[in-house]
Amino acid sequence: MRDMRKSGTISPVAFLATVALTFAAVQTRAAELDEVRARGMLVWAADQEGGGPHVFPDADAPGQLTGFEVELAGMIAAELGVKARFQQGQWDRLPLLLGRSVDCVINGIELLPERKRDYRCSRPYYAYALQLVARRDGPIDDLEKLGAPGPGGRWRVGALTGSAAEALLRSRHDLEVDVIGYDGTIDSLEQVQSGVIDAALMDDCIFNFYADRFAELRAAGRPFGGGYYTVLTAHDTPRLAVAIDEAIGRIVADGRLKTLYDRWDLAGRQQVLALRDAAEIPAADRRSFARLAAEAMPMLLASAGMTVLLACLAFPLAVVVGLGIALGRLHGPPALQPLLAAYVEVVRGTPLMLQLYAIFFLLPKVGLALPALVAAIAGLALNYSAYESEIYRAGLKAVPTGQLEAALALGMTKWQALRHVIVPQAVRLVMPPVTNDFIAMFKDTSVCSAITVIELTKRYSVLALSTGRIVELAVVTALLYLAMSWPLSILSRRFESRQERAA
Amino acid sequence: MIAVTGLTKARGGVTALADVDLEVRPGEVTAIVGPSGSGKSTLLRCVNGLETFDAGSVCIAGHQLAPGPQPPRLLERVRRDAGMVFQQFNLFANLSAVDNVALAPRVVAGMATEEARRRAIGLLDRVGLASFAAARPGTLSGGQQQRVAIARALAMEPKVILFDEPTSALDPAMSEEVLEVIVDLARGGQTMVVVTHDHALARRTATQVVELIAGRITRLGPPAAVLAG
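Engineer: When you look at the overall build of chain A in this model, what are you seeing that I'm missing?
Structural biologist: The secondary structure content of chain A amounts to 19 helices and 13 strands. Across the 503 residues in chain A, those meeting the buried criterion constitute 52%. Contacts in chain A between residues far apart in sequence, at least 24 positions, make up 76% of those at least 6 positions apart. A total of about 21800 Å² of accessible surface is found on chain A, and carbon and sulfur atoms cover 60% of it.

Here you go:
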């Protein structure tokens, strides 16, 4: 995460390279039906963190997966005359695995027009509706309640990032909601329960499955809208796709799907009736890049604004705390010094991601529920304060001892000497490395997407995957990052040359 | 003004000062001379508490210093009454000449900023540097820096000024600039202790000269007597 801190402007370059590699991987040819049969194995991808009832670890047999899609994948594989093998992936990136190690994706992927541009969608195997979930003791009992602002202003509603539920919330401009994207639906339920957000929107089957675990939550209104789940395959495996379509057709027709869904308590007869006639797949969505860029630009700019906001609020905090730690370690009470050293080691020695998780998901359990933005700023400031303290410690030690002696010899207290003489000189000495860290923080803000803060990288990732314009949008995003880091690089160089002149 | 009695200090098992007795009366200028490593600077730094000592006592401007670490409050009072000028000047690199002089009156004595600056410019004028008030230390010559450092020490109106090799880092021309300032102060009755190995400096400013060799006082008396041999 911090490996690129040596040079401030490398981040967009590395970013592009990563994206190009991902893109290249998508282009490799996928295994066709005969190859799948020859190896005797259908590799299907899903995200077990997505949870039930789709795919999740079996409570009775740790290490084993269960879920209705695990069984469905087994049935489809059996229809093809092969065994099914599971491959783990992050949900909103599952399609990118196609053609690499994976033959198909079976994981509650909604059948949407834009998906058809890049992937082959099978006939549907499940009809879902959307369910709004809120606290039992709260005011939200229906989606329409969100049409007027709540007591705290706009409602905060969570949804799985990249899901149809998220897309629907973002398109409903008549609702007074701020949409919070989560990497897992269970995370959003946890956050509704702890009061961090007001409600969550998800596929009905998910809440049906977890309703007992979240006893304080209720279904707010009837399920609505929705669509179908589809099996994704790559475009260049048409015969595999047809075989999967035929397999689903047979599983629906002979009643095995009904039996499966009955066992998972997923549906009654209306599921089967809906699916019997739902072989039709919507046409692909094709937009010009100019139109897409025009539509995406306001969102990218707003997310770049979030990146700037996070860095500009967190970094000054980190600097102040870091300087305090450095002063405490060099000049504070001896009893305090090992504590501060331990703080620096612990914070430096653990990943930023983990610290953000602890602040955002664990603190609410002890009664301190911070809004995501506050948690993100606190996490970044906490993490960077350890690094800044080390820089300031070096800077303070680099000021000649004669400066402190001269100040003391005039009758100043140690703190007066530090404040008026030593710290101002140390601050000037460390300006280049501190500016460099400021640039580094712009990149690290992307980790905050793990706690639902949507900044530039996350927005890019969502837009790129939902539209398929992976490279074009990457260029736009990289330019935005460059626009942020370049002025800081120039500033840093100016400080350095000024120091060289002064020396 | 200063009474040093039986001052003894060892550093790393080596004797730095051995049973040093010294008295400095108000208005006197005492020069401490001797070879490098003889303990001259150490003696001076014990007097204003920049270093601790092992035995004996120091009485300075009515404050009593005992062996070992001393309370910060006591040291701050001692140092308000005893200004110090260093061999390497040690001007505050982050401040202009006038702010170097004005800082302590403002921070330590609580003087208003405008008043402190006004007085600082007066002191810079006294050492001949009024036109360099806004200059950064790095842009001044060594002699100019040392004169600013003297003005800085004077700003606290100390009862005694301690000079630690004030001309050793300067070439002869610059030494002369600084020497003239010190001579001028002596003429004004300022009590001073000057550590130096520059005999010309000692001869022209001192009322008494102390010779220190290997941490012991070997000779003490008027300049003509001590410096002749």
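Engineer: Help me understand the overall build of chain B in this model?
Structural biologist: A count of helices and strands for chain B gives eight helices and ten strands. The globule rule puts the C-alpha radius of gyration for 229 residues at 17 Å, and the 17 Å found for chain B is close to it. The principal-axis extent of the C-alpha atoms belonging to chain B is close to 45 × 40 × 30 Å. Expressed as a percentage of the 229 residues in chain B, the buried residues total 57%. Nonlocal contacts in chain B, meaning residues at least 24 apart in sequence, comprise 66% of its contacts between residues at least 6 apart. Averaging the coordinates of the 23 positive side-chain charges in chain B and doing the same for the 22 negative ones gives two points 4 Å apart.

Engineer: Quick question: what am I supposed to make of the pattern of salt bridges here?
Structural biologist: Note that side chains of opposite charge can pair when their charged atoms are close. In total, this model carries 38 salt bridges over all chains according to the counting rule given. Across the pair Glu405 of chain A and Arg45 of chain B runs a salt bridge whose closest N-O atoms are separated by 2.4 Å. Of this pair, Glu405 of chain A sits in helix 15 (residues 401–409) while Arg45 of chain B sits in helix 1 (residues 40–47), placing the two residues on different chains. Among the charged side chains, a network of salt bridges with common partners joins Arg329, Glu345, Arg348, Glu390 and Arg393 of chain A.

Engineer: Just to check I follow, could you spell out the interface of chain A and chain B for this structure?
Structural biologist: Many authors give the size of an interface as the accessible area that is lost as the parts come together. Opposite the 17 residues of chain A that make contact, chain B presents 22 residues. Taken together, both faces of the contact between chain A and chain B bury some 1700 Å²; the carbon and sulfur share is 61%. Of all residues in chain A, the largest losses of buried area upon contact with chain B belong to Glu405, Ala409 and Leu410 of chain A, amounting jointly to 33% of the total for that side. Put simply, chain A and chain B have one salt bridge between them. Counting the contacts that link chain A with chain B gives seven residue pairs in polar contact (both at pLDDT 80 or more).

Engineer: Can you walk me through the sheet that holds strand 7 (residues 160–164) of chain B in this structure?
Structural biologist: In sheet architecture, strand pairing relies on hydrogen bonds along the backbone and comes in two forms, parallel and antiparallel. Residue and element names in this part refer to chain B. If you walk across this open sheet you meet the six strands as 6-7-8-3-9-10, and the pairing is mixed. The open sheet has two free edges, formed respectively by strand 6 (82–85) and strand 10 (216–221), since each of these has just one partner strand. For this sheet the average axis-to-axis angle between neighbouring strands, irrespective of direction, equals 15°. Where strand 3 (residues 29–33) and strand 9 (residues 208–213) come together, four bridges link them in parallel fashion. Its bridge partner being in strand 9, Thr30 is matched across the sheet by Gln208.

Engineer: Sorry if this is basic, but what is going on with the packing of helix 3 (residues 97–107) of chain B against helix 4 (residues 113–126) of chain B here?
Structural biologist: Two measures define how a pair of helices packs: the angle their axes make with one another and the distance between the axes. Residue and element names in this part refer to chain B. In the contact formed by helix 3 and helix 4, the axes pass within 8 Å of each other and the chain directions differ by 125°. Between helix 3 and helix 4, the angle is such that the two are oblique. Helix 3 and helix 4 meet at a crossing whose hand is right-handed. Contact residues: Ala97, Val98, Asp99, Val101, Ala102, Pro105 and Arg106 in helix 3; Thr113, Ala116, Arg117, Arg119, Ala120, Ile121, Leu123 and Leu124 in helix 4.

Engineer: Sorry, what's going on with empty space enclosed by the protein here?
Structural biologist: Think of a ball as big as a water molecule: rolled over the atoms, this probe shows where empty space is left. Residue and element names in this part refer to chain A. Applying the stated criterion across every chain, the model contains six cavities of 30 Å³ or more. Put simply, the largest cavity is a space of about 200 Å³. What lines the largest cavity is a set of 19 residues, and nearest its centre among them are His54, Trp91, Leu160, Thr185 and Ile206. With three residues, the single largest contributor to the lining of the largest cavity is strand 10 (residues 199–203). In terms of residue class, the lining of the largest cavity is built from eight nonpolar, seven polar and four charged. Two domains each provide a minimum of three residues to the lining of the largest cavity, namely domain 1 (31–125 + 230–276) and domain 2 (127–226).

Engineer: So what exactly am I meant to see when it comes to the pairing of strand 1 (residues 41–46) of chain A here?
Structural biologist: Regular strands show a simple pattern: their side chains alternate between the two faces of the sheet. Residues and elements named next belong to chain A. Counted residue by residue, strand 1 has five buried out of six residues, so it is predominantly covered. Strand direction decides the pairing type here: strand 1 and strand 4 (residues 83–88), joined by six bridges, are parallel. Looking at the pairing, Ala45 lines up with Gln87 of strand 4. Note that strand 1 and strand 5 (residues 104–105) share two bridges and pair parallel. Bridging across to strand 5, Ala45 finds its partner in Val105.

Engineer: I'm lost on helix 16 (residues 414–429) of chain A in this one. Help?
Structural biologist: Side chains of residues three or four places apart in an α-helix project in the same direction, reflecting 3.6 residues per turn. Along helix 16 of chain A, the helix axis deviates most sharply at Ile422 of chain A, where the bend reaches about 45°; the proline Pro424 of chain A sits within four residues downstream. Residues Ala417, Leu418, His420, Val421, Ile422, Val423, Gln425 and Ala426 of chain A constitute the buried set of helix 16 of chain A. For helix 16 of chain A, the secondary structure elements touched by its buried residues are helix 11 (289–331), helix 14 (372–398) and helix 15 of chain A together with helix 3 of chain B.

Procedures and definitions
Residues numbered from 1 in each chain as written. Chains lettered and ligands numbered in written order. Predicted model: local features only at pLDDT ≥ 70, side-chain atom pairs only at ≥ 80, totals over all residues. Heavy atoms only, no water. Helix = DSSP H or I, 4+ residues; strand = E, 2+ residues; numbered from the N terminus. Buried < 20%, exposed > 50% of the residue type's maximum accessible area, 1.4 Å probe, protein only. Contact = heavy atoms within 4.5 Å. Areas by Shrake-Rupley, 256 points an atom, 1.4 Å probe, with all protein chains shown as cover. Rg over C-alpha atoms; globule rule 2.2 N^0.38 Å. Lys, Arg positive; Asp, Glu negative; His and termini not counted. Charge placed at Lys NZ, Arg CZ, Asp CG, Glu CD. Salt bridge = Lys/Arg side-chain N within 4 Å of Asp/Glu carboxyl O. Buried area = accessible area lost by both parts, 1.4 Å probe. Polar contact = N/O pair within 3.5 Å; in protein donor to acceptor, adjacent residues only side chain to side chain. Pairing = 2+ DSSP bridges. Axes fitted to C-alpha atoms, helices over the stretch in contact; angles between N-to-C directions. Parallel < 35°, antiparallel > 145°, perpendicular 65-115°, else oblique. Left-handed = near helix turned anticlockwise from the far one by under 90°. 1 Å grid on protein atoms, 1.4 Å probe; cavity = no way out; pocket = protein on both sides within 12 Å on 5 of 7 lines; lining within 4 Å. Points joined across faces, edges and corners; volume = space filled by probe spheres on them. Nonpolar A, V, L, I, M, F, W, Y, C, P; charged D, E, K, R; others polar. Domains from an automatic or database assignment. Bend = angle between axes of the 7 residues up to and from the residue.

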